[in-house]
Amino acid sequence: MSFARRVMETGEGRFGVVMLALLVAVALAAPWLAPGDPLAIAGEPLLRPLQDMAHPLGTDRLGRDVLSALIHGARTSLLVAVSAAVAALGIGITVGTVAGFLGGWVDEALMRLAEAFQTVPAFLLTLALISVTGPRAETIVLGIAIGAWMQPARITRAEILSLRERDFVAAARVIGMRPLEIAFREVLPNALTPAVSLAAVVVAAAVLIEAALSFLGFGDPNRVTWGSMIAEGRTVLRRAPYLSIIPGVGLVLTVLSVHLTGRGVARALRAWRVLA
Amino acid sequence: MTFLAVDGLGVAYRGVAALADVSLRLAAGRRLAVLGESGSGKSTLALAVCGLLRAGTAVFGSIAFPGLGAPVLGRDIGVVFQDPGGSLNPVLTIGEQIAEVAVVHRGRTWQAARAEAARLLDRMGIADATAALRRHPHEFSGGQRQRIALAAALAADPLMLVADEPTSALDTVVQHQMVELLDGLVRERGLTLLFVTHDIALASQLGEEVAVLFGGRLMEAGPVRAVLRAPAHAYTRALLASRLDLDTALGRRLPEIGADFVVSVPDA
Amino acid sequence: MPEALLEVVGLTKHFARTGRRVAALDGVDLQVAAGRTLALAGASGSGKSTLARCVMRLTEPDGGTIRFEGRDLLALGGGALRPLRPRFQMVFQDPSTAFNPRATIGRVLSDPLRVHGLAPRGEWRARALALLDMVRLPAALIDRRSHELSGGQRQRVAIARALATEPRLVVLDEPVSALDVSVRNAVLNLLMELQERTGVAYLLISHDLAVVRAVAGDVAVMEAGRIVERGAVAEVFARPQAAATRALLAAVPRLVV
C-alpha cells in the first residue's frame, strides 16, 4: 500500500498511473463502450469529427466509426503489448537466472546467444518471424518477445551474479538445497527489481512495434489496431488527416503514460531500496 | 581550553530519534572514546561532530568549536570510517588521493604534496611508500587500506581526528597494530581525538575520556579511569562484568547481561 | 584413539590473485573428535575461513582429503553429498547476510526439514517453534523476517537452522564477531549448552583468543595457510611456541584501569 502511495507521490507516477488506468479501463470496457463490430460499416464514409454526433470522431473511408475503432484498437494494442512484455520478461528472467547462477559454459553459451539476437534489430526479427508464421496475435506476441528478451536477461544475470556470492546462498547450499531451487526460490526473488523496472520500456516498445507491424500490414487482419488505422488513413491523408492523427495521438498517450508510470515506479523503488 | 562543546544534541532520522539530549566537553589535545553498541547513536554522534549527517536529518541542540569557529572538514577535522573501502576512491591512485587533501586544503603544490604523502605513508608503516603512491586501493589489504585512509585524513594537518570504529572491520592482530599507530600519531601531532568503539578495553587503552551511549542517550561520561573504576551507570557496570578477555575467570558458563543490565551466570 | 569425526589431511587450495598464485591452504591436517570443540585461530588471510568453506564443500580444494564420519567428502558429487549434508552444518559470521531477505523465520527453520524430507509438511511449523524455543527465542518471531530481528536474535536463528537436522558437526565461522558485545556471551553460552545437550562437535573459526579460550578445548593456530601450532587451549595459551600464537595473544584488547 505504502509503495503504491510512493509511486503516486512522484509527479511522473501520478500522471502515468492515471492515464494508464484510463486507457486500461477503456480497453476493458470496449464491448460496452462501443458495442458491435468495429470493422462493420456504420454510416457515411469520411464524416469529419463532430460533424455527426452519432460518430463523434467521424468515419473512415468505408464509413466505419473511428471512435469505436479507437476504443477496440486500445484493447488490441494493450493486450498485445502487455502479453509481449510478460513473455519477454519471462524468457529474459529465466535465461538470465540460469546463466548467472550456473555460470561456466552455460553462461557463455546463453550470453553469446543473447548477443547474437541483439545484433539484429528487434523489429526485423519480429518481422521475419511473422512473415514465416503468418500474422496471428499469438505469433505477433511471440515475435515481439523474441526481439526484447535480451535486456531483461542481461540485467537479471548481473543481479544474480552479485547475489550469488552472498552468505544466504552459501547457507542454502549448506542445508542441501538443489541448485535450481536455490536459483529460482532463494536468489531470483531478490533479483527481480531491476528487470521488472524494465517492464515499462518493454511495454512501450511493444506498443510501437505492434503498431508498426500493423501499419505495414503484418497485423492480425481480424482485429482493429491503431497501426492499421493509421495505415488506412494514409491513403486519404490530405483529405482526412484526422484518420491518422487520432490513432496517432492514442499511441503517443499510451507510450507516454507507460513510460511515466515506469519512471515513477523506478524512482519509488530506488527510495524504497535505500530505506530497506 | 574547550575544543569541542556539544550541548543538548538530538538527532532524528525521518522522525526516529537516533540521539537525544547529549552534552559533552572535549578539551584540546584530549582523546574521547565514544563507547556504545549498535543503535546506541555512537556513529551518529561522530557524524554530527563532522557535520556529515545526511540532508534532511533533524538536529537539535548545538555543536560548537570555541577556538575554531566553523571548522572545515578535511582541513581542520580529519575522518576515518569503519570501512576504509568506502572512503577511498577505487579509480584513483592512493598518492593522488592523499596529496589532493593537502593541495585542496593547504594550497600545496602537487609535488610538495606527493613528497608529504610518501612521508605520511611511511609513517603509517606502508612498505616502500614512494612506489605505493602509484598503486590503487584494491592492491592493499584491509588493514593497509585503513592506514591509507588515515594518511589521507591527516594529510592536511588537521587539529582533530574523528575515527568511527576504525578497527572493528579488522582482526585482532591488525587492530592491535592500528591502535598503536593511532596512539603514536595522536601524541606526535597533538591531535584532539574522538573515536567510536564498541570495545570497552579499546576505550580504556586509547581514550582519556569516555562517553558511554546506550539507546541514543548518554549514560555517563568522564575521565576513562574514573569511569571504569567506579562506573555510575548499571550499563557500564554490566559491560565490565561481562567482559571477555584472557584473564576472565571461566566457569561452565559466561556471565550474561539480562534485563535492566543485571549480569548473571546462567545455570549449566 | 577413537576415530575422528572430521579428519582433514594435506588440504591445499590456491587462489590466483593479480596474476600470482597464492596458497590459501598449504597442506593442512586437522582432526575434530565427536562432541568436542576445536578452535582454528589465525589472523585474517591465514586461510582459516577457506578451510571452513572447503570442509563445507562451498569451495573446492586443489588437493588433500576430507573424511567425515569415515567417508571421503571430496569423492562425493552433489547428489551423493546431499544426503550427508544434514550431518554437518555451518553458522556464518554475519547474521545480517546469512538469510534470504524475503524468507520468514518459519521458512528458514523448516527449509532443512523440507529439503531432506525429515518431517511431513504438517509438522514443519511445530518443529520450527520447537527450534525457536531451543535457542530461547519467542515463538512470535516465527512469522517475522530476519531484518526485523536484532543481531543476537538472528545469530540464534542461524544456530537453530544449523541444528535443525541434528548434525554431528557444526562449523562456526566467527559466530560472535559481528554481534554486540552485550549479547556475545549469551550466544556463546547457548552454543556450549547445545553441545552438552546434543553432543555436537564444533569447528570454531576465530581470530579472538578470548572467545577461543571461553569455548574450545583444543586449538590449532594458522598462519599463511599452515597450522603452526596445536594443542589443548590451556597448554598453548600458557606456553605459546609459534610467533603467530604470541601475536594473537598479545592482540587481545586488555582493560587498562
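Residues numbered from 1 in each chain as written. Chains lettered and ligands numbered in written order. Predicted model: local features only at pLDDT ≥ 70, side-chain atom pairs only at ≥ 80, totals over all residues.

1. Considering the overall build of chain C
Right, so step 1: When you go through chain C residue by residue, the secondary structure sums to 9 helices and 10 strands.
Right, so step 2: Its C-alpha radius of gyration of 18 Å places chain C within 12% of the 18 Å reference for a compact globule of 257 residues.
Right, so step 3: Restricting the contact set of chain C to residue pairs at least 6 apart, pairs at least 24 apart contribute 67%. (Helix = DSSP H or I, 4+ residues; strand = E, 2+ residues; numbered from the N terminus. Rg over C-alpha atoms; globule rule 2.2 N^0.38 Å. Contact = placed C-beta atoms within 7 Å.)

2. Some thoughts on the overall build of chain A
Right, so step 1: Each helix and strand in chain A was counted, giving 13 helices and 0 strands.
Right, so step 2: Helices and strands appear in chain A in the N-to-C order α-α-α-α-α-α-α-α-α-α-α-α-α.
Right, so step 3: Counting every position in chain A, which comprises 276 residues, the buried fraction comes to 46%.
Right, so step 4: In chain A, of all internal contacts separated by at least 6 residues, the share reaching a separation of at least 24 is 67%. (Buried ≥ 20, exposed ≤ 12 C-beta atoms within 10 Å, placed from the backbone.)

3. Brief notes about helix H1 (residues 48–55) of chain C
Right, so step 1: Taken across its 8 residues, H1 of chain C has 8 buried, putting it largely inside the fold.
Right, so step 2: Looking one or two residues past H1 of chain C, Arg57 of chain C carries a phi angle of roughly 60 degrees, positive in sign.

4. With respect to the interface of chain C and chain B
Right, so step 1: Residue-level contacts link 31 residues of chain C with 33 residues of chain B.
Right, so step 2: Every element with two or more residues in the side of chain C that touches chain B is listed here: helix H6 (181–198), helix H7 (209–215) and helix H9 (243–251) of chain C.
Right, so step 3: It is H6 of chain C that provides the largest number of residues to the side of chain C that touches chain B, a total of 8 residues.
Right, so step 4: Classifying every residue of the side of chain C that touches chain B gives 19 nonpolar, 7 polar and 5 charged. (Nonpolar A, V, L, I, M, F, W, Y, C, P; charged D, E, K, R; others polar.)

5. Comments concerning the interface of chain A and chain C
Right, so step 1: Taken together, the contact between chain A and chain C spans 13 residues of the former and 19 residues of the latter.
Right, so step 2: Residue assignment for the side of chain A that touches chain C shows that the elements contributing at least two residues are helix H9 (167–174) and helix H10 (179–197) of chain A.
Right, so step 3: The element that contributes the greatest number of residues to the side of chain A that touches chain C is H9 of chain A, accounting for 6 residues.
Right, so step 4: Along the lines of polarity and charge, the residues of the side of chain A that touches chain C split into 7 nonpolar, 2 polar and 4 charged.

6. Comments concerning the nonpolar core
Right, so step 1: Judged by nonpolar contacts, the single largest core of 236 residues is most densely connected at Ala206 of chain A, Ala151 of chain B together with Leu203 of chain C.
Right, so step 2: Ranked by residues supplied to this core, first place goes to helix H4 (residues 66–102) of chain A with 18 residues.
Right, so step 3: Each residue touching Leu203 of chain C, except ones within four places of it in the same chain, is listed here: Leu6, Val32, Leu38, Leu40, Ala52, Val55, Leu169, Val171 and Leu172 of chain C. (Core = buried A, V, L, I, M, F, W, Y, C linked by C-beta atoms within 7 Å.)

7. Some thoughts on the environment of Arg164 of chain A
Residue and element names in this part refer to chain A.
Right, so step 1: Summarising the element assignment, Arg164 is placed in helix H8 (residues 150–164).
Right, so step 2: Here the alpha-carbon distance between Arg164 and Val7, two residues 157 residues apart in the chain, equals 30 Å.
Right, so step 3: Ignoring sequence-local partners within four residues, the contact set of Arg164 consists of Gly100, Phe101, Val169 and Val187.

8. A word on the sheet that holds strand S8 (residues 201–206) of chain C
Residues and elements named next belong to chain C.
Right, so step 1: Reading across from one edge, S6-S7-S8-S3-S9-S10 is the order of the 6 strands in this open sheet, with mixed pairing throughout. Two strands bound the open sheet, and with one partner strand each, they are strand S6 (88–91) and strand S10 (226–232). The average undirected angle you get between the axes of adjacent strands in this sheet is 20 degrees.
Right, so step 2: Sheet contacts for H1: strand S3 (37–41), strand S7 (169–173), S8 and strand S9 (218–223); angle to S8, the most-contacted strand, approximately 150 degrees. (Pairing = 2+ DSSP bridges. Axes fitted to C-alpha atoms, helices over the stretch in contact; angles between N-to-C directions.)

9. A word on the sheet that holds strand S1 (residues 2–13) of chain B
Residue and element names in this part refer to chain B.
Right, so step 1: Strand order across the open sheet formed by 3 strands is S2-S1-S4, with antiparallel pairing between neighbours. The open sheet has two edge strands with one neighbour each: strand S2 (16–27) and strand S4 (58–64). Sheet twist, expressed as the average angle between the axes of neighbouring strands with direction ignored, equals 0 degrees.
Right, so step 2: Judged from the 8 bridges that link them, S1 and S2 form a sheet pairing that is antiparallel. By the bridge assignment for S2, Val6 is matched with Leu24.

10. Things to note about unusual backbone geometry
Right, so step 1: Positive phi is not limited to glycine here, since Leu46 of chain A has a value of about 55 degrees.
Right, so step 2: The residue Leu46 of chain A is located in the loop between helix H3 (30–33) and H4 in this model.
Right, so step 3: Its 16 C-beta neighbours within 10 Å are what place Leu46 of chain A among the partly exposed residues.
Right, so step 4: The backbone phi angle of Asp157 of chain B is positive, close to 60 degrees, even though this residue is not glycine.

11. Topic: the arrangement of the chains
Right, so step 1: Most contacts, among the 2 pairs of chains that meet, fall between chains B and C.
Right, so step 2: There is a clear gap between chain A and chain B: no contact, and 10 Å between their nearest C-alpha atoms.

12. As for the packing of H8 of chain A against H10 of chain A
All names here are of chain A.
Right, so step 1: With their axes 9 Å apart at the nearest point, H8 and H10 run at an angle of 135 degrees to one another. Here H10 runs oblique to H8, going by the angle between their axes. Crossing of H8 over H10 shows right-handed handedness. When H8 is examined against H10, the residues Pro152, Ile155, Thr156, Glu159, Ile160, Leu163 and Arg164 are found in contact with a partner set consisting of Val187, Asn190, Ala191, Pro194 and Ala195.
Right, so step 2: Its residues assigned to classes, the contact of H8 with H10 comprises 8 nonpolar, 2 polar and 2 charged. (Parallel < 35°, antiparallel > 145°, perpendicular 65-115°, else oblique. Left-handed = near helix turned anticlockwise from the far one by under 90°.)

13. Side note on helix H1 (residues 42–50) of chain B
All names here are of chain B.
Right, so step 1: Burial analysis of H1 places 7 of its 9 residues in the buried class, which makes it a mostly covered element.
Right, so step 2: Among the residues making up H1, those that are buried are Lys42, Thr44, Leu45, Ala46, Leu47, Ala48 and Val49.
Right, so step 3: A positive phi of about 70 degrees marks Gly51, the residue just after H1.

14. Observations regarding the environment of Gly151 of chain C
Right, so step 1: Tracing the sequence through the fold places Gly151 of chain C in helix H5 (residues 151–163).
Right, so step 2: Given 19 C-beta atoms within 10 Å, Gly151 of chain C falls into the partly exposed group.
Right, so step 3: Gly151 of chain C sits 27 residues away from Ala178 of chain C along the chain, and the two C-alpha atoms are 7.9 Å apart.
Right, so step 4: Residues in contact with Gly151 of chain C, not counting those within four places in the same chain, are Ser38 of chain B together with Pro95, Ser96, Ala178, Leu179 and Asp180 of chain C.

15. A word on the packing of helix H5 (residues 104–119) of chain A against H8 of chain A
Residue and element names in this part refer to chain A.
Right, so step 1: Axis separation between H5 and H8 bottoms out at 10 Å; the angle between their running directions is 145 degrees. Here H5 runs over H8; the crossing is left-handed. Residues Ala114, Phe117 and Gln118 of H5 touch H8, and the partners they reach there are Met150, Ala153 and Arg154.
Right, so step 2: Among the residues making up the contact of H5 with H8, the classes are represented as 4 nonpolar, 1 polar and 1 charged.

16. Regarding the environment of Val173 of chain B
Right, so step 1: Among the secondary structure elements, Val173 of chain B is positioned in helix H7 (residues 172–189).
Right, so step 2: Take Val173 of chain B: there are 21 C-beta atoms within 10 Å of it, and that puts it in the buried class.
Right, so step 3: For the pair formed by Val173 of chain B and Gly107 of chain B, sequence separation is 66 residues and the distance between their alpha carbons is 37 Å.
Right, so step 4: With near-sequence residues (within four places) excluded, Val173 of chain B lies in contact with Ala43, Ala247, Leu248 and Ala251 of chain C.

17. Considerations on the confidence of the model for chain A
Right, so step 1: For chain A, the average pLDDT comes to 88, and 97% of its residues sit at 70 or higher.
Right, so step 2: Element-level pLDDT for chain A is lowest in helix H1 (residues 2–9) of chain A, with a mean of 77, against a maximum mean of 96 in H9 of chain A. (pLDDT = per-residue confidence, 0-100.)

18. Examining the pairing of S8 of chain C
All names here are of chain C.
Right, so step 1: Taking burial as the measure, the 6 residues of S8 include 6 buried ones, the bulk of the element.
Right, so step 2: Of the two faces of S8, the one holding Ala201, Leu203 and Ile205 and the one holding Tyr202, Leu204 and Ser206 are both buried throughout.
Right, so step 3: Pairing of S7 with S8 involves 5 bridges; the strand directions are parallel. Considered in S8, the bridge of Val170 is made with Tyr202.
Right, so step 4: Viewed along the sheet, the connection from S7 through H6 into S8 turns out right-handed. (Right-handed = clockwise from strand over helix to strand, strands pointing away.)

19. Some thoughts on the confidence of the model for chain C
Right, so step 1: Here chain C averages 93 in pLDDT, while 98% of its residues score no lower than 70.
Right, so step 2: The ipTM, which scores confidence in the relative placement of chains, is 0.91 for this predicted complex, and the corresponding pTM is 0.85.

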